[in-house]
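Topology and contacts: notes
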Amino acid sequence: MAKAALISRLKALIGFRALFVSLFLGSAFVFKIDLFADPRAISLFIITLYVLTIIYALLINRIKRLLLFAYVQMALDLAAEIALIFLTGGIESWFSFMLILTVLSAGIMLNRKAGYIMASIGSILYGALLDFQFYRLIPVAYAGEIHEGQFFYNIFIHTVSLYGTAYLAGYLSSNLERAEEKLEQKDSYLRDLEFFNMKVIESLPSGLFTTDSEGQVLIFNRAAEKITGMEKDNIIGSKIETALPFLENSIRQGRTEEVVRLPDGGKKVVGITISVLRDISGNKTGFIGIFQDLTQLKELESEMKNKEKLAAIGELSANIAHEIRNPLASLRGSIEMLREGKIPEKHREKLMDIAIGEMERLNSIVTDFLTYSRPKPLDIQATDLSALVSDTLELLRNTVHGSGNIIVRLLNSEEIYAAVDPMKIRQVCWNLGINAVEAMENGGQLIVSIRASEDKVSILFSDTGPGMTVEKVGKIFYPFYTTKETGTGLGLSIAYRIIEEHQGRLEVKSAPGAGTTFEIILPRTYGK
Ligand code: ADP
Ligand code: MG
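None of these values were measured; they are calculated from a predicted model.

In terms of regular secondary structure, the chain is built from 14 helices and 12 strands. Whereas a compact globule of 528 residues would reach a radius of gyration of roughly 24 Å, the chain reaches 56 Å, over 25% beyond that. Dimensions of the chain along its principal axes, counting C-alpha atoms only, are 170 × 50 × 40 Å. Within the span of the chain, comprising 528 residues, buried residues form 36% of the whole. Summarising the internal contacts of the chain: among those between residues at least 6 apart in sequence, 63% fall at separations of at least 24. One finds the centroid of the 56 positive side-chain charges in the chain at a distance of 4 Å from the centroid of its 60 negative side-chain charges.

What follows is the structure, given as structure tokens:
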């Protein structure tokens, strides 16, 4: 038993004894009971007990061997009780019950063993007293009708009662002790758990804080200190916005990304998730926030984006260079031959034509590319699409005239109006039409039709050409993708871009051997 616990129990014992003696004395006066054959002896007895009480009280904080001290007190109590029993008539005394009180207090306050020891001492002393009385060795009178058997019966009953009491008291106290031990174990388990939790929180690589419902910080872990540059001791107890200013007006649940300005003037991007903290019964008690430093990640991300952009520009530039170098090479070839001068007139003219042709080609590549890369703003007008398509197809017919047997047909003739940029849509139709014609090297049909609904209008270009594989369809809208010797690969990318500007769609249906259909889908009213 811990020393402090023993001291407080001993104090209780001393106090209880003093109270008992006072009550005992007082009640004898109140009830005017004349139990005591020898009042002087009783007075002496009571004074002795008071003096002993004072001595005990003085000694308790000085004595080292507390257990022995307790045993001595209790043994002396037993002796005093025997003295009282002696003074009040031995076998006829009412006070033998007091022995039980001492055994009880020994058993409960100390332990089971002390209970048995006190029971033994009590039994021996009581037995001895009654024996002495029976054999008249001490001057205590007793009525003549009490015979020998009653004396032994009395000793027997008292002995049994004292041991029984010691047993019960010990049983009680050992149960109590076990419960106490369990409680202590639980306590230390809880303390361990708390320690473990604190350790886990401190070792988290993410910043973590908790606040009460007013936003006052309760927990602020090491990673949080590192990210915010704030010290835990300065932030705990104050508002969370001291460390994370973006939480100033409201602490909102959910995930956000915020910028935090550090005390040293730097900046950090922080990804933070906040949730409501609830107690076991589900009541809101505050907030918990977990946050990470995303600064490096963000830098890396924007670096990657820049790199991707640069790579795309690089690829495009390579393609442009390639497209421009081909005509340049043949241009150079023609001019070098012309410079030599010994070329017959007939050839010279042909070379000149080639040179001019290549220059025109260069010019058209550059123009096309600019159309694609820097489109002019749309000039939206109410336009009759069937007239527009019809005009374009007429031009196309003139171009293909004589080159094989290609038939170009328009199925519609009624007016269909839509809000579009007519110049640009004309260009789209031209690009699609010329592609279809170029695809049908051995002749075929291009059938164009227009379908209109309440809010949309479609223009379909269906050819009976060779068609395309799925893989090829996937590439045709990339700038500079071409399968033609003199193609630029810009026609479809420009068409796609223009339709996109009109907030429409350009779709393809094609299969090898089954021809190709391009469908332009446009909203009838622009911007709705
Ligand atoms: P270009 O006409 O200069 O080659 P385009 O962007 O207009 O560039 O077309 C890209 C490629 O798509 C063409 O080279 C061709 O292989 C393919 N293509 C386009 N239209 C058709 C079509 N109607 N039928 C089959 N292939 C087509
Ligand atoms: Mg083309």
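Core analysis: the largest hydrophobic core is formed by 44 residues, its most contacted members being Leu10, Leu84, Ile85, Leu99, Met118 and Leu130. Residue assignment for this core shows that the elements contributing at least two residues are helix H1 (3–30), helix H2 (39–59), helix H3 (66–87), helix H4 (97–109), helix H5 (112–134) and helix H6 (148–203). Looking at this core element by element, the count peaks at 10 residues for H3. Those residues in contact with Met118, other than ones at most four positions away along the chain, are Tyr71, Met74, Ala75, Leu78, Val103 and Ala106. Judged by nonpolar contacts, the second largest core, of 40 residues, contains Tyr372, Val420, Phe461 and Leu506.

Secondary-structure assignment places Gly314 in helix H9 (residues 295–340). When its relative accessible area of 35% is taken as the criterion, Gly314 is described as partly exposed. Residues Gly314 and Gln150 lie 164 residues apart in sequence; the distance between their C-alpha atoms is 123 Å.

Time to look at the site of ligand 1. Asn435, Thr482, Thr483, Lys484 and Leu492 are the nearest of the 19 residues found near ligand 1. Within the side chain of Asp463, an N or O atom sits 2.8 Å from a nitrogen atom of ligand 1. Between ligand 1 and the protein, one listed contact pairs an oxygen atom with a side-chain N or O atom of Thr483 at 2.5 Å. For ligand 1, the protein covers 95% of the area, taking 530 Å² as the surface of the free molecule. Element by element, the count of residues in the shell around ligand 1 is highest for helix H12 (residues 422–439), at 3 residues. Residues of the shell around ligand 1, tallied by class, amount to 8 nonpolar, 8 polar and 3 charged.

The rules behind the values
- Position numbers for residues start from 1 in each chain and track the written sequence from start to end.
- For this description, chains carry letters from A and ligands carry numbers from 1, given in the order in which they are written.
- In keeping with the predicted nature of the model, local features appear solely for residues at pLDDT of at least 70, side-chain atom pairs appear and are counted solely at 80 or more, and the whole-chain, interface and lining totals rest on all residues.
- Side-chain metrics rest on all non-hydrogen atoms present in the structure, leaving aside hydrogens and water.
- What counts as a helix is a DSSP run of H or I of at least four residues, what counts as a strand is a run of E of at least two, and both are numbered from the N terminus.
- Only C-alpha atoms enter the radius of gyration, while the globule expectation follows 2.2 Å times N to the 0.38, with N the number of residues.
- When accessible area is computed with a 1.4 Å probe and restricted to protein chains, residues below 20% of their type maximum are described as buried, those above 50% as exposed, and intermediate ones as partly exposed.
- Here a residue-residue contact requires only that any non-hydrogen atoms of the pair lie within 4.5 Å.
- By the counting rule applied here, Lys and Arg register as positive and Asp and Glu as negative, while His and the ends of each chain are not counted.
- Where a charge lies is defined by one atom per residue type: Lys uses NZ, Arg uses CZ, Asp uses CG and Glu uses CD.
- Only buried Ala, Val, Leu, Ile, Met, Phe, Trp, Tyr and Cys residues count toward a nonpolar core, and they belong to the same one when joined by side-chain atoms within 4.5 Å.
- We call a residue near a molecule or strand as soon as one heavy atom of that residue lies within 4 Å of the molecule or strand.
- Under this definition, polar contacts are N or O atom pairs within 3.5 Å; protein pairs additionally need one hydrogen-donor-capable and one acceptor-capable atom, and for neighbouring residues in sequence, both atoms have to be side-chain atoms.
- Only the protein chains shown count as cover for residues, and the accessible areas themselves come from Shrake-Rupley with a 1.4 Å probe.
- Under the grouping applied here, Gly and all other residues not named as nonpolar or charged are polar, the nonpolar ones being Ala, Val, Leu, Ile, Met, Phe, Trp, Tyr, Cys and Pro and the charged ones Asp, Glu, Lys and Arg.

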